[in-house]
Amino acid sequence: MADTTPPLETARLRLRPFTAADVDAVHAYHRLEDVARYQYWQPRSRDEVAQEVAKWLEGGWDRPAPDAIVFAVTLKENGILIGDMVLLFRDQGARQGEIGFSFDPAHGGQGYATEAARAVLDFGFGQFNLHRIFGRCDARNMASWRLMERLDMRREAHFREHAMFKGGWDEEFYYAMLSREWADLRRGTN
Ligand SMILES: CC(C)(COP(=O)(O)OP(=O)(O)OC[C@H]1O[C@@H](n2cnc3c(N)ncnc32)[C@H](O)[C@@H]1OP(=O)(O)O)[C@@H](O)C(=O)NCCC(=O)NCCS
C-alpha cells in the first residue's frame with residue numbers, strides 16, 4: 001500500500017490536505033479572471049469555492065487507490081495557502097496520472113508552483129508507482145506550459161481546434177513525463 005501520509009515537504013513549502021478553513025484563501029485567487037481564464041470554470045463566488053473545497057476535503061490521502069489527491073500548497077514559514085495542486089489517477093491499469101495546478105498570483109514568479117509540482121511528480125512516481133504523468137493546458141496559457149517545461153516534461157501533443165472552449169476553438173498542449181525519465185532526472189543523467 002502506498003504511504004500517502006501528509007504533509008509533503010519541500011525546501012519552502014508544505015503540501016497538506018485541505019480543510020474547511022481554507023475556503024477564503026482559495027476564494028482570494030479562484031475569484032480572479034486571470035486564474036480562471038484557461039480553466040473549465042468561470043471566476044468563482046465564495047459559495048462555489050466552498051462547494052469545491054468540500055469535494056477536496058474528501059481527498060484521497062487516506063485511500064490506497066484514490067481517484068485524485070488535492071494538495072493545499074502552503075508556505076512553510078507562515079502557513080499561508082498559496083495554491084492548489086491535484087494529482088488525478090486516470091488509468092489504474094496503465095498507471096497514468098495527470099497534474100493540475102492553480103496558484104495565487106500574489107505569490108507568483110518565485111518558483112513556488114515549480115517546487116510544488118516537483119514534489120507532486122515525485123509523490124506520484126514514488127508513492128503510487130505511476131508510469132506516466134501528464135499535464136494539459138491551453139496553448140495560450142504560457143505560464144502553464146512554461147511551468148511544465150521547467151519541470152522537464154516533454155511536449156507530446158498540440159491539438160489544434162479540436163474542441164470548443166469558452167465560445168471559441170480550443171488549442172491544447174499535452175506535456176508528459178515517464179517514470180524512467182523522472183528517475184534519470186533525479187540521478188542527474190538527463
Ligand atoms: C500556471 C501557474 C501556476 C504558474 O505560476 P508561476 O508563478 O509562473 O510559476 P512558479 O511559481 O513556478 O514561478 C516561476 C517564475 O518564478 C521564477 N523563479 C524565481 N525563483 C525561482 C525558483 N527558485 N525556482 C524556479 N523559478 C523561480 C522563474 O524564473 C519564473 O519566472 P518567469 O515567469 O519570469 O520566467 C500560474 O500562472 C497560475 O496559477 N495560473 C492560473 C491557473 C492556471 O491557468 N492553471 C493551469 C491550468 S492548465
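Remember, it's a predicted structure, so these values are computed and weren't measured experimentally.

A.B. asks: Can you explain the overall build of the protein chain? Please cite residues and give values.
C.D. replies: When its secondary structure is counted, the protein chain shows 6 helices and 8 strands. Order of helices (α) and strands (β) in the protein chain, N terminus to C terminus: β-β-α-α-α-β-β-β-α-β-α-β-β-α. Over its C-alpha atoms the protein chain spans a radius of gyration of 16 Å, differing by no more than 12% from the 16 Å that the globule rule assigns to 190 residues. By its C-alpha atoms, the protein chain is 45 × 40 × 30 Å across when sized along the principal axes. Relative to its 190 residues, the protein chain shows a buried fraction of 48%. When contacts within the protein chain are restricted to residue pairs at least 6 apart in sequence, those whose partners lie at least 24 apart make up 60%. For the protein chain, the accessible surface area stands at approximately 9,800 Å², while carbon and sulfur atoms represent 48% of it. Averaged over its 25 positive side-chain charges, the protein chain has a centre that lies 3 Å from the centre of its 29 negative ones.

A.B. asks: Kindly report on the site of the ligand, identifying the contributing residues and their values.
C.D. replies: Near the ligand there are 20 residues, and of these Phe101, Phe103, Gly109, Thr114 and Arg146 occur at the shortest range. Here Phe101 contributes a backbone N or O atom positioned 2.8 Å from a nitrogen atom of the ligand. Between the ligand and Tyr112 there is a distance of 3.1 Å, counted from an oxygen atom to a backbone nitrogen or oxygen. In isolation the ligand offers 960 Å² of accessible surface; the protein chains occlude 67% of this area. Applying the majority rule of atoms within 2 Å of the grid points places the ligand in the largest pocket. Those elements giving two or more residues to the shell around the ligand turn out to be strand 5 (96-103), helix 4 (112-127), strand 6 (132-138) and helix 5 (142-150). Across the shell around the ligand, the residue classes tally to 7 nonpolar, 9 polar and 4 charged.

A.B. asks: With reference to specific residues and values, describe the packing of aromatic side chains.
C.D. replies: For the coordinates displayed, the defined rule picks out 10 aromatic pairs. Ring geometry for Phe173 against Tyr175: centres 6.2 Å apart, planes inclined by 85°, an arrangement best described as edge-to-face. Grouping residues by exposure puts Phe173 and Tyr175 together as buried. Pairwise contacts between aromatic rings join Phe71, Phe89, Phe123 and Phe128 into one cluster. Lying across the ring of Trp145, Arg155 places its NZ or CZ 5.1 Å from the centre. Lying over the aromatic face of Phe173, Arg155 brings its terminal NZ or CZ to 3.7 Å of the ring centre.

A.B. asks: Give me the sheet that holds strand 5: which residues, what numbers.
C.D. replies: With mixed pairing, 8 strands are arranged side by side in an open sheet as 1-2-3-4-5-6-8-7. Strands with a single pairing partner mark the edges of an open sheet, and in this sheet they are strand 1 (8-9) and strand 7 (154-165). In this sheet, strand 6 lies alongside strand 5 in parallel orientation, the contact comprising 3 bridges. Paired with Gly97 across the bridge in strand 6 is Ile133. Against the sheet, helix 1 (residues 23-30) engages strand 4 (81-91) and strand 5, with an angle of about 85° to strand 4. Here helix 6 (residues 179-187) sits on the sheet and contacts strand 7 and strand 8 (168-178); the angle it forms with strand 8, its principal contact strand, is near 60°.

A.B. asks: Summarise the environment of Ala72; cite the residues concerned and give the values.
C.D. replies: Mapped onto the elements of the fold, Ala72 is located in strand 3 (residues 68-75). With 53 residues separating them along the chain, Ala72 and Thr19 place their C-alpha atoms 8.7 Å apart. When near neighbours in sequence (up to four residues on either side) are disregarded, Ala72 contacts Arg14, Leu15, Arg16, Pro17, Phe18, Asp22, Leu81 and Gly83.

Parameters at a glance
Residues numbered from 1 in each chain as written. Predicted model: local features only at pLDDT ≥ 70, side-chain atom pairs only at ≥ 80, totals over all residues. Heavy atoms only, no water. Helix = DSSP H or I, 4+ residues; strand = E, 2+ residues; numbered from the N terminus. Rg over C-alpha atoms; globule rule 2.2 N^0.38 Å. Buried < 20%, exposed > 50% of the residue type's maximum accessible area, 1.4 Å probe, protein only. Contact = heavy atoms within 4.5 Å. Areas by Shrake-Rupley, 256 points an atom, 1.4 Å probe, with all protein chains shown as cover. Lys, Arg positive; Asp, Glu negative; His and termini not counted. Charge placed at Lys NZ, Arg CZ, Asp CG, Glu CD. Near = heavy atom within 4 Å. Polar contact = N/O pair within 3.5 Å; in protein donor to acceptor, adjacent residues only side chain to side chain. 1 Å grid on protein atoms, 1.4 Å probe; cavity = no way out; pocket = protein on both sides within 12 Å on 5 of 7 lines; lining within 4 Å. Sits in = over half its atoms within 2 Å of the grid points. Nonpolar A, V, L, I, M, F, W, Y, C, P; charged D, E, K, R; others polar. Phe/Tyr/Trp six-rings, centres within 6.5 Å; stacked < 30°, edge-to-face > 60°. Lys NZ or Arg CZ within 6 Å of the ring centre and 35° of its normal. Pairing = 2+ DSSP bridges. Axes fitted to C-alpha atoms, helices over the stretch in contact; angles between N-to-C directions.

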